[in-house]
Amino acid sequence: MINSKLDQLLLGFVLITIICGQKVIAQSEKPNILWIIAEDLSPFMGCYGDEINKGYTPVIDKLAAEGVMFKRAYATAPVCSASRSALITGVMQTSTGTHHHRSSRTTDGEVVPEELRINLSEGIKTIPELMRDAGYFTFNNGKDDYNFHYNREALYSVGNAIDYTPGMNGWQGNRADYFMSLTKNVWNAREDKNQPWFGQVQIMGGKAGSKHVREGHKLDDAAVALPPYFPKVTSQQKAWTEHYNANRGADAKVESILKQLEVDGELENTIIFFFSDHGSNSSLRHKQFCYEGGMHVPLIIKGKDLKLKPGTVRSELVSLLDVSATTLALGGVVLPKYLDGKSLFDTKFKASEYVVGARDRCDYTIDRIRTVRTDTFRYIFNYFPDRPMLQPGYRDNKPIVKDMKRLFQEGKLTPYQAEHWFGKRPKEELYDLSADPHQMNNLAENSEYNTILEQHRNILKNWIIETNDKGQHPESSIQLEATYNLWKDRPRFRDAKVNPEYDQFKNQIRN
């Protein structure tokens, strides 16, 4: 017999819960969720089977041994702002119009004029906004770098370690690695210590080189063999070895974060995601390009209630878009229907047969590349095949580029290297990754693989239509002019034969 209105309310609550078939999680029972995002880091780690760094990434290896490691996780883009724009919304950057690197902005620290703003479609909220709505305290201790207009105060409960102006977008927090400079860790800034938090801590990863390597653990520059698509020259050797050191340094940074969580009593109730925004920055052909080196990233998740045995290794093809969906699911948020990713720990999780990646304008270099990664193959479609791999770009002043150009002029590159870096690119590329991990034998030119080529070609064609890939349309002249103005006074841009799309703005100045 029901004796009071309170009993009636409680019974009704229980019945609704049973009918919905969902467990209601009390606020105090929700886990904290932390993204540790390493910039520009390929998985040259012991837990990923790397023999050179075996024993030199012990903290990351332990994280994998105690959590879940995804062997085949991929970024949506091989460059930071496009990848981060997808990650923070859970929607592919080509669908939201945020695919061009460093768009929807002008100069560092400047409020973006209205005509340059890229706004998210109505109804799309960022992951931190959705987590805030679910009762989470949110923060980002470092880099945003999103290609859409937003107010940082709407995303994060607390500001960065640097001052920021509400209304800024894109550039705010445009550097990683503020964590060690803080006098008070951001998760401690919440007033209610029982409030769950969702935060991001950014580390420099591949951009740090050997800066954070533990004493006595630094590799010598000539300690690692170069892939055959690079010429054997000191600058390339140094850059390649440096990325192994960057992994060792990232391990030390992750250790400092985990120790601080433990000191603050936050470690036990925190689910940790460790991943990178895209692959290696140190070497050409990786960052900004759609080969494995640019797209393949580490992804390790550790925390209680994942319902998987510690040390589980998963081999499904997954995307960083799945990180977005999984974060919301672990936080008890009902997943919006517009998400492109899946919750990786859902009991009904079904692995994708492919993941798609996209590269568009990077800084001032105009390009368009799409890639499809299936179980065994990587397919690449180049929309500007007449523009060589080494068309003018932001790394032109680096020794790795200068030496490559010098060796080409001197005729000292191998035939493959000369054609690959300076020749006309194939419109289509297809690689069997099991037989050709360096992706140098283009099977798109082999008639025996016509059926497989056609399958991948159709996957991409259908995906472009289904997702309304905004890369089908040229970038607006307003944004191109803003990009031109951002770079026009820099010698590497002014003195280079840059893309013809900028000629109209040069002519305006001359006239």
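Residues numbered from 1 in each chain as written. Predicted model: local features only at pLDDT ≥ 70, side-chain atom pairs only at ≥ 80, totals over all residues. Heavy atoms only, no water.

This part is about the overall build of the chain. Scanning the chain from N- to C-terminus turns up 15 helices and twelve strands. Per-residue burial over the chain gives 58% buried out of 511 residues. Long-range contacts, defined as pairs at least 24 residues apart, comprise 73% of the intrachain contacts of the chain with a sequence gap of at least 6. Summed over all atoms, the accessible surface of the chain reaches about 22600 Å², with 51% contributed by carbon and sulfur. (Helix = DSSP H or I, 4+ residues; strand = E, 2+ residues; numbered from the N terminus. Buried < 20%, exposed > 50% of the residue type's maximum accessible area, 1.4 Å probe, protein only. Contact = heavy atoms within 4.5 Å. Areas by Shrake-Rupley, 256 points an atom, 1.4 Å probe, with all protein chains shown as cover.)

Turning to the side chain of Asp 432, a few remarks are in order. Tracing the chain through its elements places Asp 432 in strand E12 (residues 428–432). Side-chain polar atoms of Asp 432 contact the side chain of Ser 434, separated by 2.6 Å. Apart from residues no more than four positions distant in its own chain, Asp 432 is found in contact with Thr 376, Phe 377 and Leu 443. (Polar contact = N/O pair within 3.5 Å; in protein donor to acceptor, adjacent residues only side chain to side chain.)

This part takes up the packing of aromatic side chains. Inspection of the entire model under this criterion finds 26 aromatic pairs. Note on Phe 44 and Trp 240: the rings are 5.6 Å apart at their centroids and 65° apart in plane angle, and the pair reads as edge-to-face. On the criterion of sequence distance, the pair formed by Phe 44 in the loop between strand E1 (32–38) and helix H2 (58–66) and Trp 240 in helix H7 (residues 234–263) is long-range, its members being 196 residues apart. With 5.6 Å between their ring centres and 70° between their planes, Tyr 484 and Phe 493 make a pair best called edge-to-face. Judged by relative accessible area, Tyr 484 falls into the buried class, the value being 7%. Ring pairing ties together the aromatic residues Phe 44, Tyr 229, Phe 230, Trp 240, Tyr 244 and Trp 421, which thus form one cluster. The ring of Tyr 229 is capped by Arg 285, whose NZ or CZ atom sits 4.1 Å from the centre of that ring. If you follow Arg 285 out to its NZ or CZ, it ends over the ring of Tyr 291, 3.9 Å from the centre. (Phe/Tyr/Trp six-rings, centres within 6.5 Å; stacked < 30°, edge-to-face > 60°. Lys NZ or Arg CZ within 6 Å of the ring centre and 35° of its normal.)

Let us look at the pattern of salt bridges. Using the criterion set out here, one finds 32 salt bridges in the structure. Where Arg 102 meets Asp 145, a salt bridge forms, and the shortest distance between an N and an O atom there is 2.9 Å. Remark: Asp 145 occurs in the loop between strand E3 (137–141) and helix H6 (152–155) and Arg 102 occurs in the loop between helix H4 (93–96) and helix H5 (127–133); sequence separation between them is 43 residues. Side by side, Arg 102 and Asp 145 carry an identical accessibility label, which is buried. Ionic contacts of the salt-bridge type, sharing partners, join the residues Glu 39, Arg 102, Lys 143, Asp 145 and Lys 207 into one network. (Salt bridge = Lys/Arg side-chain N within 4 Å of Asp/Glu carboxyl O.)

Read from one edge to the other, the open sheet built from four strands follows the order E9-E10-E11-E12, with strand pairing classed as antiparallel. Only two strands of the sheet have a single partner each, and these edge strands are strand E9 (355–359) and E12. Adjacent strand axes in the sheet meet at a mean angle of 15° when their direction is disregarded. Bridge count between strand E10 (residues 369–373) and strand E11 (residues 377–382): five bridges; the pairing is antiparallel. Across the sheet, the residue bridging to Arg 373 is Arg 378, located in E11. The strands touched by helix H12 (residues 450–467) within the sheet are E9, E10, E11 and E12, with E11 carrying the most contacts at an inclination of about 60°. (Pairing = 2+ DSSP bridges. Axes fitted to C-alpha atoms, helices over the stretch in contact; angles between N-to-C directions.)

Let us look at the environment of Met 45. Within the fold, Met 45 resides in the loop between E1 and H2. For Met 45, a relative accessible area of 0% gives the class buried. Through-space distance from the C-alpha of Met 45 to that of Gly 55 is 8.7 Å; in sequence the pair is ten residues apart. Discounting residues that sit within four places of it in the chain, Met 45 has contacts with Asp 50, Asn 53, Thr 57, Ile 60, Asp 61, Asn 247, Phe 274 and Pro 298.

Looking now at helix H11 (residues 415–422). Taken together, the buried positions of H11 are Gln 417, Ala 418, His 420 and Trp 421. Where H11 is buried, its residues meet helix H10 (399–409).

Once that is clear, we can look at the nonpolar core. Counting residues in each nonpolar core, the largest one holds 41 residues, and the members touching the most others are Ile 33, Trp 35, Phe 70, Phe 273, Phe 275, Leu 299 and Ile 301. Counting only elements with at least two residues in this core, the list comes to E1, strand E2 (68–74), helix H3 (80–89), H5, strand E5 (270–276), strand E7 (299–302) and helix H9 (320–330). For this core, the leading source of residues is H9, giving five residues. Beyond its immediate chain neighbours, meaning those up to four positions away, Phe 275 contacts Trp 35, Ile 36, Ile 37, Ala 38, Leu 87, Pro 298, Leu 299, Leu 320 and Val 323. Among the nonpolar cores identified, the runner-up in size contains 30 residues, and Tyr 74, Val 233, Val 355 and Leu 390 belong to it. (Core = buried A, V, L, I, M, F, W, Y, C linked by side-chain atoms within 4.5 Å.)

The side chains of a regular strand alternate between both faces of the sheet. With five of five residues buried, E3 is to be regarded as a mostly interior element. Taking every second residue as pointing to the same face, both faces of E3 are buried, with Phe 137, Phe 139 and Asn 141 on one and Thr 138 and Asn 140 on the other. As judged from the five bridges shared by E3 and strand E4 (residues 197–203), these two strands associate in the parallel manner. Its bridge partner lying in E4, Asn 141 is registered against Val 201.

The interhelical angle for the contact between H2 and H7, taken along N-to-C directions, is 60°, at an axis separation of 7 Å. Here Pro 58, Val 59, Ile 60 and Leu 63 of H2 come into contact with H7, specifically with Ala 250, Asp 251, Val 254, Glu 255 and Leu 258.

Within the structure shown, the criterion is met by zero disulfides. For Cys 362, which is in no disulfide, the shortest distance to another cysteine sulfur is to Cys 80 and amounts to 8.7 Å. (Disulfide = S-S within 2.5 Å.)

For the rest of this paragraph, the subject is the pairing of E12. With five of five residues buried, E12 lies mostly within the body of the structure. Going residue by residue along E12, you find Glu 428, Leu 430 and Asp 432 tucked away on one face and Glu 429 and Tyr 431 tucked away on the opposite face as well. Note that E11 and E12 share five bridges and pair antiparallel. From the neighbouring strand, Ile 380 faces E12, where its bridge partner is Glu 429.

Next up on the list: the environment of Arg 494. Within the element layout of this structure, Arg 494 appears in helix H14 (residues 491–494). By relative accessible area, which is 48% here, Arg 494 ends up partly exposed. Between the C-alpha atoms of Arg 494 and Tyr 484, which are ten residues apart in sequence, the distance is 9.8 Å. In contact with Arg 494, not counting residues within four places along its chain, are Lys 488 and Asp 489.

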